[in-house]
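# Architecture and fold: a report
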Amino acid sequence: MPADPTHAVAAPAAPVDRDAAPELRMETRGLNVDYGSSRAITDVSLPVLACRVTALIGPSGCGKSTFLRTLNRMNDLVDGVRVEGKVLLDGRDVYGSDVDPVEVRRRVGMVFQRSNPFPKSIFENVAFGLRIAGEKRVNVLAEKVETSLRGAALWDEVKDRLDTSALALSGGQQQRLCIARALAIEPEVVLMDEPASALDPIATARVEELIRELRERYTIVIVTHSMQQAARVSDHTAFFYMGALIEYGETKQIFTKPKKQQTEDYITGRFG
């Protein structure tokens, strides 16, 4: 896999061998993030392993979403933000002066807390990023839209109404549509900021099932306020508190034998 974030790379064509040691896909080293004079992230060094789900947990305001947005330079769009340290994608710092942030966001896609479909057809929602990238071939657009909707487990539900408004879909379908839109541009990493927080239990279960399926081909980082959700879908968990990374490890270890007292206190409900 090329080390240069400006090089377009498609997602793996086949599921990975989950018994093999995972590769390091992303990594932060000594990451600090400031909003003006306020420090939001303090000296965070965290690995993100390929084709695994990494969950970020912690109380509200602890820096989880700020950290997530730093991974694909979404914080560049916020006035007054300063980032120090390194965010490495395949070994290359995405904040390097020669790196195009638009290409970083193509390789590291994003799904937000609330579904945000465009007021366009289902087809055009999924094709949006492809059109922005200059793709005009009808057959290619159709193929990638279908592949992405299948990847988001939505194709069978919408294949006969691709020309209807995406706004007519249910909340759970809209969120899976947004996941399909993120997959269409073939990212390597998918960031999810509380993707099921606005959904009912049935839709939440479907999104969680989808996350488990997607990790076969994509590296996923998910912010969640639900420790039960983190336990269900993630391979590794990072516990944040007051902008600092308190503990990181395999999810089973974090939830059954945490090494830090703060982690145990949060998981057992003593604070947060």
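About the cut-offs
- Residues numbered from 1 in each chain as written.
- Predicted model: local features only at pLDDT ≥ 70, side-chain atom pairs only at ≥ 80, totals over all residues.
- Heavy atoms only, no water.
- Axes fitted to C-alpha atoms, helices over the stretch in contact; angles between N-to-C directions.
- Helix = DSSP H or I, 4+ residues; strand = E, 2+ residues; numbered from the N terminus.
- Parallel < 35°, antiparallel > 145°, perpendicular 65-115°, else oblique.
- Left-handed = near helix turned anticlockwise from the far one by under 90°.
- Contact = heavy atoms within 4.5 Å.
- Nonpolar A, V, L, I, M, F, W, Y, C, P; charged D, E, K, R; others polar.
- Buried < 20%, exposed > 50% of the residue type's maximum accessible area, 1.4 Å probe, protein only.
- Pairing = 2+ DSSP bridges.
- Lys, Arg positive; Asp, Glu negative; His and termini not counted.
- Salt bridge = Lys/Arg side-chain N within 4 Å of Asp/Glu carboxyl O.
- Polar contact = N/O pair within 3.5 Å; in protein donor to acceptor, adjacent residues only side chain to side chain.

### Comments concerning the packing of helix H4 (residues 138–151) against helix H6 (residues 171–184)
H6 packs onto H4 with a crossing angle of 130° between their chain directions and a minimal axis gap of 8 Å. With respect to each other, H4 and H6 are oriented oblique. H6 is crossed by H4, and the crossing has right-handed handedness. Two secondary-structure elements touch here, H4 through Lys144, Ser148, Leu149 and Gly151 and H6 through Leu177, Ala180, Leu183 and Ala184. Of the residues belonging to the contact of H4 with H6, the class tally is 5 nonpolar, 2 polar and 1 charged.

### Digging into the pairing of strand E3 (residues 53–57)
Summarising burial for E3: 5 of the 5 residues are buried, a large majority. Judged by which residues are buried, E3 turns out to be covered on both faces: Val53, Ala55 and Ile57 on one side and Thr54 and Leu56 on the other are all buried. In this structure, E3 lies alongside strand E8 (residues 219–223), joined through 4 bridges in parallel fashion. In the strand pairing of E8, leucine 56 is matched with valine 223.

### Quick word on the side chain of arginine 181
Turning to its location among the elements, arginine 181 is positioned in helix H6. Buried charge arginine 181 goes without a salt bridge, the closest partner of opposite sign being glutamate 124 at 11 Å. At 3.1 Å, the side chain of arginine 181 and the side chain of asparagine 125 are in polar contact. Excluding anything up to four places from it in sequence, arginine 181 contacts Asn116, Pro117, Phe118, Asn125 and Val126.

### Re helix H3 (residues 122–132)
All buried positions along H3 are accounted for by Ile122, Phe123, Asn125, Val126, Ala127 and Leu130. Those residues of H3 that are buried lie in contact with H4, helix H5 (155–158) and H6. A positive phi of about 100° marks glycine 134, the residue just after H3.

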